[in-house]
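Geometric and topological summary
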Amino acid sequence: MTDPDVTAWRSHMCGALSVEQVGQQVRLAGWVHRRREHGLVLFVDLRDRAGLVQLVFDAQLSEEALQQAGDLRSEYVIAVGGEVVARSEDAVNPAIATGAVEVRVATVQVLNTSEVPPVQVDDQVAEAAEDVRLKYRFLDLRRTRPQEILRLRHEVLLAARGYLDGRGFMEIETPILTRPTPEGARDYLVPSRNFPGSFYALPQSPQIFKQILMVAGFDRYFQIARCFRDEDMRADRQAEFTQIDIEASFVDEEDIQRLVEGLMVQLFAAADVKLDTPFPRMSYDDAMLRYGSDKPDLRFGLEITDVSEVVQGRGFRVFDDVVGKGGVVRGLAWPGGAAIPRARIDALTEQCRQWGAGGLVWIKMGSDGVKSPVAKFLGDEGCRQAAMAVGAGEGDLALLVADSKSVAARVLGNLRLWLAERLELIPSAPARETVFKMLWVTDFPLLEWNEEDQRFYACHHPFTSPRMEDLERLESDPSSIRARAYDLVVNGSEIGGGSIRIHSRAVQDRVFRALGIGAEEATRKFDFLLQALSYGAPPHGGIALGVERIIMALTGASSIRDVIAFPKTTSASDLMTGAPAPLDEGQLKELFLKFVPPPRK
């Protein structure tokens, strides 16, 4: 079988040469990485996708090649021919894979020149600003780091396909142009030329189509799916992203979770990371109580504790009023925090207010006794009991928040992460040395109440099945219904979410009504799904795993933009291509559209 690396221009990849090729004549092609002159000898590092190799241009071997090489500059594209030789012992470069050899060049051909690049490809040079790197992404992608990330991404997706194919899953593509959806994030809309006034939507996920595939009897489906959401960008969110989408029939939660655990073992092995299974499980309620988050980072402690019973009825009206109205008093300990000056605590209190708290109560457990602004209400013993209840000992600082359950969870969850960063509880290390704490979060609420809209919304999506033992309360107590949903979390980042779906038309109708979607609206928007559920839909469920978030975890990337070949900025623009771009009048007319400028602010 022909070596795929062999072409008309090269016999080997630059980064693949080793002592095994010493004495061989080779043809190489790539980019000039850097050059160094030493009298009558010129050294050039030649780079391709596989890595670097040092070229030697020597007048004793070829004066013509040396003269040609004199004009070479960074990022010129060249092809060379020469002999692989071993470097002398004192010249070996252990920093590169090819550091034991070099190529003595006999012939050189300049295939293309290059202007001075605005982005330096040399990894020894400081990175350019991100907007410059994104504008010249074709240069930025030549750097070692992006190439390693995209190579790992390829290997992860290859492993996913192999694993799922080996377990009977079929890869099926679902439509990109589909119907706008009424729930979730905003859709990206595409006007239809053939149906004036009507629009397609780019899919937020293949959710409905993969459920219909289950009704169609395909049993096991997967897809490396492109998804689109018109929402604000974050460090871990892009307007378009990729997910490993999975659905199976005749399964329950444990079946999907076992399948995914095996998949994650394979995906992480692509980065030489070993995972232990099974992953631990934690209920949503437990996660919110102990960590203030539905995606808790388990690499450190700092657990949150409810101290409502400890402090209630001790004469501090704020605590008594909050608990009396159904709220909570919860807190955590700052190890060694008793030495923190008052000004710093005041600044932290203000930060907690920005997170939504009414305030922050602190208790210092110093060697000289207990100090707290609420000691006059709780007494020293009451303060000590409250501090000890959150795990604070001598030398520590107890921090308490009194508010509704949701506000207390959000504030203390943020405070927990803030403390972990300042206490360096998550040591920075190369991605390969990172400790990966995997977790399934289960038993989410099916519905959540939106105070502003005065209606319920689906916590995951409206096709998630409720727990059957809760179903009888769907109309009488909707907020108490638990969903058959599960999220996969690694180190405080949600990398996947799934559920067992509703396969009964009657149950789907009831859930739509609980969401304020009447029969007429449901028929107008979801008739094809409701029809499918009426014709023998099997029990089914699945999950969607975020490819970018998995690669972020494996590489230690701090931004999702670092793990995508051509990402968008935080404003969802593409600096390289200039997208989005306006249409001319002719294009708008063809689509029966007219641009109306936004009102001036």
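Residues numbered from 1 in each chain as written. Predicted model: local features only at pLDDT ≥ 70, side-chain atom pairs only at ≥ 80, totals over all residues. Heavy atoms only, no water.

**Some remarks on the nonpolar core**
- Ile244, Met264 and Phe268 are the most contacted members of the largest nonpolar core, which has 45 residues in total.
- In terms of nonpolar packing, the next biggest core, distinct from the first, is built from 31 residues, Ala458, Leu471, Leu474 and Ala514 among them. (Core = buried A, V, L, I, M, F, W, Y, C linked by side-chain atoms within 4.5 Å. Buried < 20%, exposed > 50% of the residue type's maximum accessible area, 1.4 Å probe, protein only.)

**Quick look at empty space enclosed by the protein**
- In total, this model carries one cavity of 30 Å³ or more according to the counting rule given.
- For the largest cavity, the calculated volume is near 30 Å³.
- Looking at the largest cavity, the residues that line it are Thr174, Pro175, Ile176, Pro203, Pro206, Gln223, Ala225 and Arg226.
- Classifying every residue of the lining of the largest cavity by side-chain character gives five nonpolar, two polar and one charged. (1 Å grid on protein atoms, 1.4 Å probe; cavity = no way out; pocket = protein on both sides within 12 Å on 5 of 7 lines; lining within 4 Å. Points joined across faces, edges and corners; volume = space filled by probe spheres on them. Nonpolar A, V, L, I, M, F, W, Y, C, P; charged D, E, K, R; others polar.)

**Considering the environment of Ala557**
- Mapped onto the secondary structure, Ala557 falls in the loop between helix H15 (547-555) and helix H16 (585-590).
- On the accessibility criterion, Ala557 (11% relative accessible area) is buried.
- Apart from residues lying up to four places away in sequence, Ala557 is in contact with Arg145, Met552, Asp562 and Val563. (Helix = DSSP H or I, 4+ residues; strand = E, 2+ residues; numbered from the N terminus. Contact = heavy atoms within 4.5 Å.)

**Remarks on the packing of helix H4 (residues 144-165) against helix H6 (residues 253-269)**
- The geometry of H4 relative to H6 is characterised by a closest axis approach of 9 Å and an angle of 140° between their N-to-C directions. Comparing the axis directions of H4 and H6 gives the class oblique. In the crossing of H4 with H6, the sense of the turn from one axis to the other is right-handed. Where H4 abuts H6, its residues Val156, Ala159, Ala160 and Tyr163 lie against Arg258, Leu259, Gly262, Leu263, Gln266 and Leu267. (Axes fitted to C-alpha atoms, helices over the stretch in contact; angles between N-to-C directions. Parallel < 35°, antiparallel > 145°, perpendicular 65-115°, else oblique. Left-handed = near helix turned anticlockwise from the far one by under 90°.)

**Side note on the environment of Gly15**
- Here Gly15 shows up in the segment before strand S1 (25-38).
- Overall, Gly15 belongs to the buried group, its relative accessible area being 17%.
- Expressed as a C-alpha distance, the spacing of Gly15 and Arg49, which sit 34 residues apart in the sequence, is 7.6 Å.
- Residues contacting Gly15, with those up to four places away along its chain left out, are Asp48, Ala50, Gly51, Leu52, Ala97 and Thr98.

**Focus on the sheet that holds strand S14 (residues 361-366)**
- With antiparallel pairing, the five strands of this open sheet are ordered in space as S12-S13-S16-S14-S15. Where the open sheet ends on each side, the last strands, each with one partner, are strand S12 (305-306) and strand S15 (369-371).
- Across the sheet, helix H10 (residues 342-354) is in contact with strand S13 (328-334), S14 and strand S16 (397-403); its angle to S14 comes to roughly 150°.
- Contacting S12, S14, S15 and S16, helix H11 (residues 375-389) runs over the sheet at an angle of about 95° to S14. (Pairing = 2+ DSSP bridges.)

**So, the side chain of Lys364**
- As for its position among the elements, Lys364 is in strand S14.
- Lacking a salt bridge, the buried Lys364 has Asp368 as its closest oppositely charged neighbour, with an N-O distance of 8.7 Å.
- Among the polar contacts listed, one links the side chain of Lys364 to the backbone oxygen of Ile340, at a separation of 2.7 Å.
- If we skip the residues at most four places from it in the chain, Lys364 touches Ala338, Ile340, Ile345, Gly369, Val370, Lys371, Asp396 and Leu397. (Lys, Arg positive; Asp, Glu negative; His and termini not counted. Salt bridge = Lys/Arg side-chain N within 4 Å of Asp/Glu carboxyl O. Polar contact = N/O pair within 3.5 Å; in protein donor to acceptor, adjacent residues only side chain to side chain.)

**So, the packing of helix H13 (residues 505-514) against helix H14 (residues 519-533)**
- Viewed as axis vectors pointing N to C, H13 and H14 meet at an angle of 155°, and their least axial separation amounts to 10 Å. Of the possible angle classes, the one that applies to H13 and H14 is roughly antiparallel. By crossing handedness, the relation of H13 to H14 is classed as right-handed. Two secondary-structure elements touch here, H13 through Arg505, Gln508, Asp509 and Phe512 and H14 through Ala522, Phe526, Leu530, Gln531 and Leu533.
- Classifying every residue of the contact of H13 with H14 gives five nonpolar, two polar and two charged.

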